[in-house]
There are 2 protein chains.
Amino acid sequence: MFEQLGLIGCGLMGGSFALACKRAGLVKRVVGYSKSPSTTERARQLGVIDVEAPSALLAVAGADVVLLAVPVAATEATLKAIRHLVTPTTLIMDVGSTKQDVVQAARDALRERVGSFVPAHPIAGREVAGVEHADAQLYQGAQVILTPTERTLTAQLQRARALWSALGCRVSSMAPEAHDAAFAAVSHLPHLLAFALMGAIQSQPDAERLLALAGPGFRDFTRIAAGDPALWRDVLLANREQVLAQSQQFAAALDMLQQAMRAGDGQLLHDLITLASTARARWRLGDYALPTDS
Amino acid sequence: MFEQLGLIGCGLMGGSFALACKRAGLVKRVVGYSKSPSTTERARQLGVIDVEAPSALLAVAGADVVLLAVPVAATEATLKAIRHLVTPTTLIMDVGSTKQDVVQAARDALRERVGSFVPAHPIAGREVAGVEHADAQLYQGAQVILTPTERTLTAQLQRARALWSALGCRVSSMAPEAHDAAFAAVSHLPHLLAFALMGAIQSQPDAERLLALAGPGFRDFTRIAAGDPALWRDVLLANREQVLAQSQQFAAALDMLQQAMRAGDGQLLHDLITLASTARARWRLGDYALPTDS
């Protein structure tokens, strides 16, 4: 389907995308660039990329599809560095967890060429970083949200849909604002809470003993607290208004539970837990999937 | 090792214990009782118990080991109902997630016979309830905390250790107060937070769309929110002082993160996330295990 993938950022997300595209026969050649030359070299040694590029611009030269897999805060500078080689026939995508800031960065950096850029958020990841963990299966079965704007070229949007679908993803579209508001609730706030819980435990003198007693519930609840600090710093800053708004909703719900505990109101506490428990027991990953783009 | 297990409460925890004991050849016969006769009948049909008892007292008749697997709030009434058949040669244990209230209930209910009671907390569970889900493997590899008091008979404590060890558990001991303080941090508070997050999402008009976008991180973070409402109501009420104290530690850590977000202080935010992320990445279930009782 594509001749050459220009991969900017050869970490877990970018490397997994390259491997998946190659395995699915969607690209013939991958030219990769990472800020750290040793990462780029390692990616080539591992067969994640075919050719090392010494700059982002050179990774894009000759590419008909480009994936940016860099921390969201680096999006604008990266797009500026490559804009001279972007044409209306190039498909450019990112994999960032926030979309309003990425869309703004793309407008600022690409200007009249912004139509080639299709903002993408594949809902997949790991609590490990680095090209060593790149996995051709990472995106298999994942949901991918595209957040095109009115300037996005229809042809590129269709190619983006086709590409992610060919990787086994369920592809949906929504506006960048709606995307960020929703992910504040179901992803960014949970990360913030998990960071806060681990921080609170670490700040206690007997942290090690507490951790020794933690069981499977703790393991799953805090798994996302091991996320990459630079990535999550950028996400929480980029989407801070929505995350803080969701924090207030959370604080109100927590306060109700705590009031019931303080008052010894077993009936209210039971009712509040039942609401949460029923909702969670009914939910299954993928069950409520959005209508997929056709 | 034992002739007869008297099982009071034939749900997930009790049923799994009975199955595990039978599989390991630790008991010859299981006599079971549940508040709901249909549960008791179902437990017998499923082979979880051998004989149905019409009352808790009759489940204890002839038993040399008794397991209480009822909501913690029912502990005192249950122990009162069986106390006439408790002798110094009977081993009685519970499986509750809180221990100070259980120890107090045992003192009040069993009085001079309290020495036979060994409070136990196996750190295992599921987000499903009921004897249908009973699983002989549930306790395999789990940590079990015993919280004996100064009145606990040494002989019964040793039998309790031997029994759980024979089921493949790592057995440790600690004081009831220390137990409850620690589990407030690593179990009860995480449950409270997960209930609050699900409650906050459910209270929003677009809850269904939000849930449709939730991914694997959300799945793991909220898994414990599906816990049994009656069980968790009892735990949160029984241990509310410690849970509210841990909530304050959590609130302070969350507030620091939110202040860094509001101030746009990327460095502070990065540092705070790194603290949490490093601690979580280093932690592995069972790695920090407490010294096991010998």
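The rules behind the values
Residues numbered from 1 in each chain as written. Chains lettered and ligands numbered in written order. Predicted model: local features only at pLDDT ≥ 70, side-chain atom pairs only at ≥ 80, totals over all residues. Heavy atoms only, no water. Contact = heavy atoms within 4.5 Å. Buried area = accessible area lost by both parts, 1.4 Å probe. Salt bridge = Lys/Arg side-chain N within 4 Å of Asp/Glu carboxyl O. Helix = DSSP H or I, 4+ residues; strand = E, 2+ residues; numbered from the N terminus. Nonpolar A, V, L, I, M, F, W, Y, C, P; charged D, E, K, R; others polar. Least-squares fit on C-alpha atoms with pLDDT ≥ 70 in both. Expected span 1.5 Å × (residues − 1). Buried < 20%, exposed > 50% of the residue type's maximum accessible area, 1.4 Å probe, protein only. Polar contact = N/O pair within 3.5 Å; in protein donor to acceptor, adjacent residues only side chain to side chain. Core = buried A, V, L, I, M, F, W, Y, C linked by side-chain atoms within 4.5 Å. Pairing = 2+ DSSP bridges. Axes fitted to C-alpha atoms, helices over the stretch in contact; angles between N-to-C directions.

- In the nomenclature of an unreviewed UniProt entry, chain A corresponds to Prephenate dehydrogenase from the organism Oryzisolibacter propanilivorax.

## Here we look at the interface of chain A and chain B
Thought 1: Residue-level contacts link 83 residues of chain A with 83 residues of chain B.
Thought 2: For the chain A and chain B pair, buried surface summed over both sides reaches about 7700 Å², with 75% attributable to carbon and sulfur atoms.
Thought 3: At the surface where chain A touches chain B, the tally comes to two salt bridges.
Thought 4: Here D220(B) and R223(A) are joined by a salt bridge, their closest N and O atoms 2.5 Å apart.
Thought 5: Sorting the residues of the side of chain A that touches chain B by element identifies β8 (143-146), α7 (176-202), α8 (207-213), α9 (216-222), α10 (229-238), α11 (240-262) and α12 (266-282) of chain A as the ones contributing at least two each.
Thought 6: In terms of residue count, α7(A) provides more of the side of chain A that touches chain B than any other element does, 18 residues in total.
Thought 7: A class-by-class count of the residues in the side of chain A that touches chain B yields 55 nonpolar, 18 polar and ten charged.

## Considering the relation of the copies chain A and chain B
Thought 1: Turning chain A through 180° and shifting it by 0.0 Å along the axis lays it on chain B, with an RMSD of 0.0 Å. With respect to symmetry, the two chain copies, as superposed, fit the operation of a two-fold axis. Residues of chain A ranked by C-alpha distance from the rotation axis are headed by F221(A), positioned 2.0 Å from it.
Thought 2: The fraction of interface residues of chain A whose copies in chain B are also interface residues reaches 100%, indicating that both copies meet through the same surface.

## Comments concerning helix α1 (residues 12-23) of chain B
Residue and element names in this part refer to chain B.
Thought 1: The first and last C-alpha atoms of α1 sit 16 Å apart over twelve residues, in line with the 16 Å expected at 1.5 Å per residue.
Thought 2: Across the twelve residues of α1, nine count as buried, placing the element largely inside the fold.
Thought 3: All buried positions along α1 are accounted for by L12, M13, G14, G15, S16, F17, A18, A20 and C21.
Thought 4: Looking at the buried side of α1, the elements it contacts are β1 (2-8), β2 (27-33), β4 (65-68), β5 (91-94), β7 (120-122) and α6 (154-166).
Thought 5: Of the residues trailing α1, G25 is marked for its positive phi of about 70°.

## A word on the side chain of T98(B)
All names here are of chain B.
Thought 1: The topology assignment puts T98 in the loop between β5 and α5 (100-110).
Thought 2: Within the structure, the side chain of T98 is placed 2.8 Å from the side chain of D101, a separation counted as a polar contact.
Thought 3: Contacts of T98, omitting those with residues within four sequence positions, involve V72, H179, D180, H188, V235, A238 and N239.

## Description of the nonpolar core
Thought 1: The biggest cluster of nonpolar side chains holds 89 residues, and the ones touching the most others in it are V186(A), F218(A), F250(A), F218(B) and F250(B).
Thought 2: Contacts of F218(A), omitting those with residues within four sequence positions, involve L197(A), M198(A), I201(A), L211(A), V186(B) and W283(B).
Thought 3: Counting residues in each nonpolar core, the second largest holds 39 residues, with M13(B), V30(B), I49(B) and A69(B) among its members.

## Things to note about helix α10 (residues 229-238) of chain B
Thought 1: Among the residues making up α10(B), those that are buried are P229(B), W232(B), D234(B), V235(B) and L236(B).
Thought 2: For α10(B), the elements touching its buried residues are α11 and α12 of chain A together with α7 (176-202) and α11 (240-262) of chain B.

## Re the side chain of T75(B)
Residue and element names in this part refer to chain B.
Thought 1: Within the secondary structure layout, T75 lies in helix α4 (residues 75-82).
Thought 2: On the basis of relative accessibility, which here comes to 2%, the residue T75 falls in the buried class.
Thought 3: Side-chain polar atoms of T75 contact the backbone oxygen of V72, separated by 2.7 Å.
Thought 4: In contact with T75, not counting residues within four places along its chain, are L68, V70, V102 and A105.

## Describing the sheet that holds strand β8 (residues 143-146) of chain B
All names here are of chain B.
Thought 1: On the basis of which strands lie adjacent, the open sheet formed by three strands has the order β7-β8-β9 and mixed pairing. Whereas interior strands pair on both sides, the edge strands pair on one side only; in this sheet they are β7 and β9 (170-173). Taking each pair of neighbouring strands and ignoring which way they run, the sheet shows an average axis angle of 20°.
Thought 2: Those strands touched by α6 are β7, β8 and β9, and its axis lies near 170° from that of β8.

## A short note on the pattern of salt bridges
Thought 1: Enumeration according to the criterion identifies 25 salt bridges over all chains in this entry.
Thought 2: Between E3(B) and K28(B) there is a salt bridge; the shortest N-O distance is 2.7 Å. Taken together, the residues E3(B) in strand β1 and K28(B) in strand β2 connect sequence positions 25 residues apart.
Thought 3: Across the salt bridge formed by E52(B) and R44(B), the nearest N and O atoms sit 2.4 Å from each other.
Thought 4: Overall, the relative accessible area of 36% leaves R44(B) in the partly exposed class.
Thought 5: Shared partners join several salt bridges into a network, and the residues in it are R83(A), E112(A) and R113(A).

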